[in-house]
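# Fold and contact review
What follows is each chain in one-letter form.
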Amino acid sequence: MITAARELFAGQGFAATGTEEIVSRARVTRGALYHHFKDKTDLFRAVMEEVATEMAESLIDRELQRAREDVEVDAWDQLCDGIHAFLDVCLENGDFQRVMLVDGPSVFGHEAWDGLVEKHGYSLLAQWLEKAMEEGRIARLPVAPLTRMMAGLISEASLYMARCEDPVQGRDDAGVVVDRLLSGLQVP
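First, a word on what this report is: a plain description of the structure on this page. These figures come from a predicted structure and were not determined experimentally.

## Observations concerning the overall build of the protein
Each helix and strand counted, the protein has eight helices and zero strands in total. Along its sequence from the N terminus, the protein presents helices and strands in the succession α-α-α-α-α-α-α-α. Structurally, the protein occupies a C-alpha span of about 60 × 30 × 30 Å along its principal axes. Of all 188 residues assigned to the protein, the portion counted as buried reaches 38%. Long-range contacts, defined as pairs at least 24 residues apart, comprise 68% of the intrachain contacts of the protein with a sequence gap of at least 6. Only carbon and sulfur atoms are counted for the fraction: they give 54% of the accessible area of the protein, which is about 10600 Å². Within the protein, one finds 19 positive and 33 negative side-chain charges whose respective centroids are separated by 5 Å.

As structure tokens, then:
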């Protein structure tokens, strides 16, 4: 069911996907859907968890590969590399943008969405920004607004790529802009 729902949610969005379509594609009964999930929103939450887990695993795999290659970088370089790795994974996994960035906030509301990002994303981003400031790589700025603005930059770059006619070119263009904006934070 999750696989069928994910295909439909990613392809046409949460609002345009009906439970009848999901059960038909999954080849299960409506009763089976409601046996496992309270409603369509509950199923969407399970799809989000799967998509988020895949994204995290992919990013961790990339970082482990870099560690095996014994590449030493400071916090700022790790953060910049992490942003680009995230954008690369978004290019490879188009479900992420639609499910997590477009429909997630609209289905669960911005307060609930902010709480989820606060719990899983902002704290890690804030830690790395603090480390980069302590290492003297970027200018000392208030961390809370910088973290939110960096998260906005990352999600908007991802959404731009998802909406491009040519996602590969969109990834390249977004990367150039992200690098230019990030360079403005660096200490000369």
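## Description of the packing of aromatic side chains
Overall, the coordinates contain five aromatic pairs when judged by the stated rule. Geometrically, the ring pair formed by F9 and F44 is edge-to-face, given 5.1 Å between the ring centres and 80° between the ring planes. In this pair, F9 sits in helix α1 (residues 2-12) while F44 sits in helix α4 (residues 40-68), placing the two residues 35 residues apart along the sequence. F44 matches F9 in its accessibility class, with the two residues each being buried. Measuring from centroid to centroid gives 5.1 Å for F14 and F44, while their planes differ by 65°, and the two rings are edge-to-face. Residue F14 is located in the loop between α1 and α2 (19-26), and its partner F44 is located in helix α4; the two are separated by 30 residues in the primary sequence.

## Comments concerning a negative patch on the surface
A surface patch of like charges, here negative, comprises E165, D166, D172 and D173. When you line up the elements, E165 lands in the loop between α7 (143-163) and α8 (167-183).

## Here's the deal with the nonpolar core
With 50 residues, the main nonpolar core has F9, W76, V99, L129, M150 and L182 as its most contacted residues. When residues of this core are traced back to their parent elements, those giving at least two are α1, α2, α4, α5 (75-92), α6 (95-134), α7 and α8. Among the elements that take part in this core, α6 stands out by supplying eleven residues, more than any other. In contact with L182, not counting residues within four places along its chain, are W76, C80, I83, M150 and L153.

## Examining α2
Every buried residue of α2 is accounted for by T19, I22 and V23. The arc enclosing the buried residues of α2, seen along the axis, measures out at 90°, which places them on a common side. Where α2 terminates, the next one or two residues include R27, which has phi positive at roughly 60°.

Cut-offs used in this document
Residues numbered from 1 in each chain as written. Predicted model: local features only at pLDDT ≥ 70, side-chain atom pairs only at ≥ 80, totals over all residues. Heavy atoms only, no water. Helix = DSSP H or I, 4+ residues; strand = E, 2+ residues; numbered from the N terminus. Buried < 20%, exposed > 50% of the residue type's maximum accessible area, 1.4 Å probe, protein only. Contact = heavy atoms within 4.5 Å. Areas by Shrake-Rupley, 256 points an atom, 1.4 Å probe, with all protein chains shown as cover. Lys, Arg positive; Asp, Glu negative; His and termini not counted. Charge placed at Lys NZ, Arg CZ, Asp CG, Glu CD. Phe/Tyr/Trp six-rings, centres within 6.5 Å; stacked < 30°, edge-to-face > 60°. Patch = residues over 30% accessible without salt bridge, like charges linked within 9 Å, V, L, I, M, F, W, Y side chains within 5 Å. Salt bridge = Lys/Arg side-chain N within 4 Å of Asp/Glu carboxyl O. Core = buried A, V, L, I, M, F, W, Y, C linked by side-chain atoms within 4.5 Å. Arc of directions from axis to C-beta.

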